[in-house]
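What follows is each chain in one-letter form.
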Amino acid sequence: MRVSQAGEGRSLAATARRAQIVAATIETIAELGYPQTSFARIAERAGLSSTRLISYHFAGKDELIGAVVTEVHRTIGRFMAERLADLPDARRALRAYITGVVEFVAGHRAQMQALMEIFLDFRGKDGDDRSYDAATERQVLGSLEEILRWGQATGEFRDFDTFVMAATVQRSVDGLPFLLRTEPELDLSRYADELATIFDLATRNRRPLSEGEEAR
């Protein structure tokens with residue numbers, strides 16, 4: 001079935017409008033905080049003539065906040081996928097993960113501030129916090145555990161509990177947006193290097209590699 005040009009145009013326009021509203025919501029939450037963010041404030045920032053334009057595209061505030069969280073997570077995912085592509089070994093992958101997350105936070109402060117505000121203050125109608133649920137946690141830690149198991153398999157990393165190590169790494173970078181509230185001028189490049197060095201030393205295998213491990 002062919003889609004008419006008029007229908008396709010309306011679809012593209014709707015997608016663009018939703019993206020505009022989501023971007024304005026991120027900026028509003030980052031600047032004013034979640035409790036002060038209303039459809040009126042979002043409409044004003046987005047340059048919309050009426051809040052009805054928001055209600056047309058989103059059934060309510062819960063759906064809009066869900067779209068914001070999804071967009072920020074999607075942006076992080078794309079960014080990190082580029083940083084982790086085609087790395088030759090697990091040590092470099094772990095360093096790239098840590099420095100990549102810090103780099104993302106440094107370059108996307110509004111998005112991370114909005115996500116933090118939502119995490120702290122948003123509760124859906126069912127009382128749940130949807131900014132970071134159990135499924136997201138498992139996905140994030142699972143990706144880190146893959147890097148850690150890879151390093152153990154090649155002999156780069158010592159023997160340790162990969163879940164505990166992954167959780168520790170993740171919590172060290174998750175806390176950065178909170179730290180920036182009290183230390184907004186923090187040298188993030190130095191922070192990233194120091195953090196990567198800490199976990200390189202914590203995971204590194206100190207024993208000599210066997211001939212089989214060297215061959216791999």
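Refer to the structure printed above.
Quick caveat, the model's predicted, so the values are computed rather than measured.

Asks: Before we go on, may I ask you to explain the packing of helix H5 (residues 90–107) against helix H8 (residues 162–174) in this structure?
Replies: Two quantities define a packed helix pair, namely the angle between the helix axes and the distance between the axes. Orientation of H5 relative to H8, taken along the N-to-C sense of each, is 20°, at an axis distance of 10 Å. As summarised for this structure, H5 and H8 are arranged roughly parallel, according to the angle between their axes. Considering only the axes of H5 and H8, their crossing is right-handed. On the side of H5, the interface is formed by Tyr97, Ile98, Val101 and Val102, while H8 contributes Val169, Gln170 and Val173. Grouping the amino acids of the contact of H5 with H8 by side-chain chemistry returns 6 nonpolar, 1 polar and no charged.

Asks: Looking at this structure, how should I read the pattern of salt bridges?
Replies: Pairing is possible between side chains of opposite charge, provided their charged atoms come close. Evaluation of the coordinates by the stated rule reveals 12 salt bridges. Aspartate 89 is paired through a salt bridge with arginine 92; the nearest N and O atoms lie 2.7 Å apart. When its relative accessible area of 15% is taken as the criterion, aspartate 89 is described as buried. With a closest N to O distance of 2.6 Å, glutamate 117 and arginine 181 form a salt bridge. Taken together, the residues glutamate 117 in helix H6 (residues 109–121) and arginine 181 in helix H9 (residues 176–182) connect sequence positions 64 residues apart. We classify glutamate 117 as buried; its relative accessible area is 8%.

Rules used throughout
- Along each chain, the written sequence defines residue order, and numbers are assigned to residues from 1.
- Two thresholds apply to this predicted model, a pLDDT of at least 70 for residue-level local features and 80 or more for giving and counting side-chain atom pairs, whereas whole-chain, interface and lining totals are computed over all residues.
- Side-chain figures throughout are based on the complete set of non-hydrogen atoms in the structure, without hydrogens or water.
- For helices, the fitted axis covers only the stretch in contact; all axes are lines through C-alpha atoms, and the angles between them, taken along N-to-C directions, range from 0 to 180 degrees.
- For the purposes of this entry, the term helix denotes a DSSP run of H or I that reaches at least four residues, the term strand denotes a run of E that reaches at least two, and both are numbered from the N terminus.
- In this scheme, roughly parallel covers angles under 35 degrees and roughly antiparallel covers those over 145, while 65 to 115 is roughly perpendicular and the rest are oblique.
- Crossing handedness is defined as follows: a turn of the near helix away from the far one that is anticlockwise and smaller than a right angle gives a left-handed crossing, while the clockwise case is right-handed.
- Any two residues having at least one pair of non-hydrogen atoms within 4.5 Å are treated as being in contact.
- In this classification, the charged set is Asp, Glu, Lys and Arg, the nonpolar set is Ala, Val, Leu, Ile, Met, Phe, Trp, Tyr, Cys and Pro, and all remaining amino acids, among them Gly, are polar.
- The term salt bridge refers to a side-chain nitrogen of Lys or Arg lying within 4 Å of a carboxyl oxygen of Asp or Glu.
- Buried, partly exposed and exposed residues are distinguished by accessible area as a fraction of the type maximum, computed with a 1.4 Å probe on protein chains only: under 20%, between the cut-offs, and over 50%, respectively.

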